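Residue-level structure breakdown
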Amino acid sequence: MWDVLPSHFNHSNAGFSVINSLLERKIEKRPDNVRLQGRILFLTEDPELIKRQLTGEDLPWDTRNPANNPKLRDDISTDEITPAHYCFYFDETLGEIPYLGLRCGNVTPIGRGDVKRGGFVCAVSGKRRGKGSSREQSPYAEMCAGIRVVIAENIERIYKQNCQNLGLLTSTNFSLMDRIRGGEEIALREFTAGEDEITRQVIEYGGLFPFNVARMQGKVFLPPMKTEKRPMTLAEKIFARHMIRTTDRVRADASVRPAERSSAAPEVGVPAVKPGDTGFARADLRFSHEYVTPMAAIFFEHYVGKDAKVNDPSSIIFFRDHLTFLDEVISEEKKKLGLLDLATQLKLKQQDFARKQGIKLHGELTDRKGSEGICHSIVLESYALPGQLNIGSDSHTPHVGAIGCVAFGIGTTDVFNSWITKDVRVRVPESVKVIIRGKKHPNVTAKDFILKILSLDYVRSGQALAKVMEYAGDAIEELSVDERATMTNMAAEIGGFTGIVAPDKKTVDFLVERRGMDRKRAETMIEGLYSDPGAQYAHVIELDAAEITPMVATPGDPGNGKYIRDLNTPVPVEIAYGGTCTAGKNEDMDMYALVLADALKQGRHVADSVKFYIQFGSQETRDYCVRHGYLDVFRKAGAQVIEPSCGACINAGPGVSTRPDQIVISAQNRNFPGRSGPGQMYLASPLTVAASAVAGYIVEYEPREKKELVGA
């Protein structure tokens, strides 16, 4: 990675002096032509074809007549490229891991070290490669295994950007495979074609860090923002406020000494932007969790300096939220591999870096097991503000778009670079407007809305990739901020850039009631935060809330949406799980309590055949439940309550499956193969999860009385 950089640096200096040392570092572009010498690994649906390749057979592939070829696997998630437990590694050991979780039917054909031993230089797959978590360990693992280029029909935004940041080449041009096999030189421009000016330069310099060093040295420049005033979407308005303007003084490298160049403060804000505009955007808030912070910290210490200081630690937040309950579910086999010890090292590294840098860490509880809260939950409750631009080390960072800010997930290298520059590379995305009109049924929630959207051909075909999902319509306006957060959170499952809802009176009420903010200040804050009449959208989706009934996503993908009433036979469940950032909010707890209280009134409780786990998203939500008497309802009904953590959603806490035939119904956000254990996971709303826990099989919740859901 970044092999243009020397392997050892002078760590004796700190602050701007270290930045100045970057200005003197030798940085060069890649050669204009690359030769990719090695084999091609075709990730097919047929596990036998993969096994044959691993034993040395090179598959024939007809690039001129694709219909003659075996079917490639679509929708390969980062959970399959690097299963969660193996992401505790943050060094070249990851080279033994790629595709360890890849499922072809019910088979996982790739074993530890197989790819690295196979001498593969290129990996090929179908649609939507790299969907899911924003973990940069996935492309890093591929690189460490010898992969230098990935080819797919289309590639998810965060995964693709992570590849570019690390120097891994990507392409959707399948004809390149013939040239790779022929050992031909390939022009680097083949991999930069169609990319914006900044991305092209990142690829040319071999990654984001060397590009940023070249940027500090004046060797590369940001293209000027020349878009004239135009009607803009809400997201475009926020981008325009945060885009960095490069002044002539900073760009004229011939007349500015390095020290002056490093200290020249960039100006922020442009009159307007349009989709395709590229540049760097100033971040109001940067956050990361223990899965990502340690790797980013090691990058920072190695490439910048052990004594270097991050830029503005007051706007950086760390979280210990993912692995708090890992010891309760990790297998003995994984313990013997040392993975639990590695997970502990992640925690300790984050604590140490936070202390050295003076960064706020929301960590573990001191009086009982659990964490202060999940990053997205706490950022929404305590930090994010309307109109901000926030970045986080998790694909569900769009959660806080519920109050009208642009928030999006970034990879490890973006995180580490943002600590230096306080900005993030952006190509202004197109927007899709999702309008849901009418009045929803009492047993329908935001989760049902988003599962319906995920099931649409437009989304499943990948046409929504890297686009802003702007939710609007009277059915959306009726949702609380907590419920809106479910919609924006799961823009990640759509593959969207982010999700956003225009702030309104409910946003103001949220800031006043949950933050104690002065109402006048909150009202002023949301002024102008709406899409202009005449704003342009790549696509408009219109739905009638009255036509949507409770849904599930069947196992394997959040896009496998079905109405519960269309399930052919009853589906018995063994585990029901309510929690995570998506479904561990105050109003989600209202829903679990509503269903269980109804059951208790009828003399019923959680079915004997079901284990029902309810996990808070934050301590604030736990306190809310205490105030409302929900803990007693949950206990009497037979549900097991768990302190805050991501837990089962990432295979790291109670609620995970342990057998392939085990059926789980969960209110979490994704059900990719292996995501939460080997079982068969159905996604559903908090109402459906709780009702199914009581019934023992998947059912719609039917209120005993016609009434609206309890409000937060």
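Preceding this paragraph is the structure being described.
The present account deals with the structure reproduced in this document.

Cut-offs applied
- Residues numbered from 1 in each chain as written.
- Predicted model: local features only at pLDDT ≥ 70, side-chain atom pairs only at ≥ 80, totals over all residues.
- Heavy atoms only, no water.
- Phe/Tyr/Trp six-rings, centres within 6.5 Å; stacked < 30°, edge-to-face > 60°.
- Helix = DSSP H or I, 4+ residues; strand = E, 2+ residues; numbered from the N terminus.
- Buried < 20%, exposed > 50% of the residue type's maximum accessible area, 1.4 Å probe, protein only.
- Lys NZ or Arg CZ within 6 Å of the ring centre and 35° of its normal.
- Pairing = 2+ DSSP bridges.
- Axes fitted to C-alpha atoms, helices over the stretch in contact; angles between N-to-C directions.
- Core = buried A, V, L, I, M, F, W, Y, C linked by side-chain atoms within 4.5 Å.
- Contact = heavy atoms within 4.5 Å.
- Salt bridge = Lys/Arg side-chain N within 4 Å of Asp/Glu carboxyl O.
- Parallel < 35°, antiparallel > 145°, perpendicular 65-115°, else oblique.
- Left-handed = near helix turned anticlockwise from the far one by under 90°.
- Nonpolar A, V, L, I, M, F, W, Y, C, P; charged D, E, K, R; others polar.
- Polar contact = N/O pair within 3.5 Å; in protein donor to acceptor, adjacent residues only side chain to side chain.

The full count for this structure, using the stated rule, is 19 aromatic pairs. A centroid spacing of 6.4 Å and a plane angle of 35° characterise the contact between Tyr303 and Phe416, whose relative ring orientation is tilted. Highlighted residues: Tyr303 in helix H14 (residues 293–303) and Phe416 in helix H18 (residues 412–421), separated in sequence by 113 residues. With respect to class, Tyr303 is no different from Phe416; both count as buried. If you follow Arg157 out to its NZ or CZ, it ends over the ring of Phe497, 4.3 Å from the centre.

Moving on: the sheet that holds strand E17 (residues 468–472). Spatially, four strands are ordered E18-E17-E16-E19 in an open sheet, and the strand pairing comes out parallel. Every other strand in the sheet has two partners, leaving strand E18 (498–501) and strand E19 (539–544) as the edge strands with one partner each. Going across the sheet, the axis of each strand differs from the next one's by a mean of 20°, ignoring polarity. Summarising the sheet, strand E16 (residues 431–437) and E19 pair through six bridges and their orientation is parallel.

A few words on the pairing of E18. Residues Thr498 and Ile500 of E18 are buried on one face, and the alternating residues Gly499 and Val501, pointing to the opposite face, are buried as well. Here E17 runs beside E18; their pairing, made up of four bridges, is parallel. Each residue of the ladder has a partner; that of Glu470, found in E18, is Ile500.

The biggest cluster of nonpolar side chains holds 105 residues, and the ones touching the most others in it are Tyr99, Phe239, Phe408 and Trp419. Every residue in contact with Trp419, bar those within four places of it in the chain, is listed here: Arg286, Ser288, Thr293, Ala296, Ala297, Phe300, Val310, Asn311, Ile316, Phe318 and Phe353. In this structure, Tyr624, Ala684, Ala690 and Ala691 belong to the second largest nonpolar core, which totals 42 residues.

So, about the pattern of salt bridges. Under the criterion given, the structure shown has 55 salt bridges. Note that Lys131 is salt-bridged to Asp75, the shortest N-O span being 3.3 Å. Of the two residues, Lys131 sits in the loop between strand E3 (120–124) and helix H5 (137–144) while Asp75 sits in the loop between helix H2 (47–54) and helix H3 (78–81), which places them 56 residues apart along the sequence. With relative accessibility at 25%, the residue Asp75 sits in the partly exposed group. A salt bridge links Glu96 to Arg112, with the nearest nitrogen and oxygen atoms 2.8 Å apart. Placement of the pair is Glu96 in the loop between H3 and helix H4 (114–117) and Arg112 in the loop between H3 and H4, with a sequence separation of 16 residues. When salt bridges that share partners are traced, they join Lys29, Glu197, Arg200 and Glu204 into one network.

Here we come to the environment of Lys226. With respect to the secondary-structure elements, Lys226 resides in the loop between helix H10 (208–216) and helix H11 (234–242). When the C-alpha positions of Lys226 and Gly438 are compared, they lie 40 Å apart, and in sequence the two are 212 residues distant.

This part covers the packing of H14 against helix H16 (residues 339–357). Remark: H14 packs on H16, axes separated minimally by 8 Å, with the N-to-C direction vectors making an angle of 55°. One finds that H14 runs oblique with respect to H16. For H14 against H16, the interelement crossing comes out left-handed. Residues Thr293, Pro294, Ala297, Ile298, Phe300 and Glu301 of H14 lie in contact with H16, whose contacting residues are Leu346, Lys349, Gln350, Phe353, Lys356 and Gln357. Across the contact of H14 with H16, the residue classes break down as six nonpolar, three polar and three charged.

Within an α-helix, residues lying three or four positions from one another point in the same direction, as the helix has 3.6 residues per turn. Listing the buried residues of helix H24 (residues 505–515) in full gives Thr507, Val508, Asp509, Phe510 and Leu511. Against the buried residues of H24 lie helix H17 (375–383), helix H22 (481–489) and helix H25 (519–525). Looking at where H24 begins, the residue whose side-chain oxygen comes 3.0 Å from the main-chain nitrogen of Lys506 is Asp504. One or two residues past the end of H24 sits Gly516, with phi positive at roughly 75°.

Inspection of the secondary structure puts Arg282 in strand E9 (residues 278–282). Counting along the chain gives 117 residues from Arg282 to His399, while the straight-line C-alpha distance between them is 19 Å. If sequence neighbours within four positions are ignored, Arg282 has contacts with His242, Ile244, Pro266, Val268, Leu389, Thr421, Lys422 and Asp423. A polar side-chain atom of Arg282 sits 3.4 Å from the main-chain carbonyl oxygen of Lys422.

Taken in spatial order, the five strands of this open sheet run E12-E11-E10-E13-E14, and their pairing is parallel. With partners counted over all chains shown, the strands left at the sheet margins are strand E12 (360–362) and strand E14 (406–409), one partner each. Going from strand to strand, the sheet's axes swing by 20° on average, the running direction of each strand aside. Summarising the sheet, strand E11 (residues 316–319) and E12 pair through three bridges and their orientation is parallel. In the strand pairing of E12, Phe318 is matched with Leu361. Along the sheet, H17 makes contact with strand E10 (285–289), E11 and E12, crossing E10 at roughly 150°.

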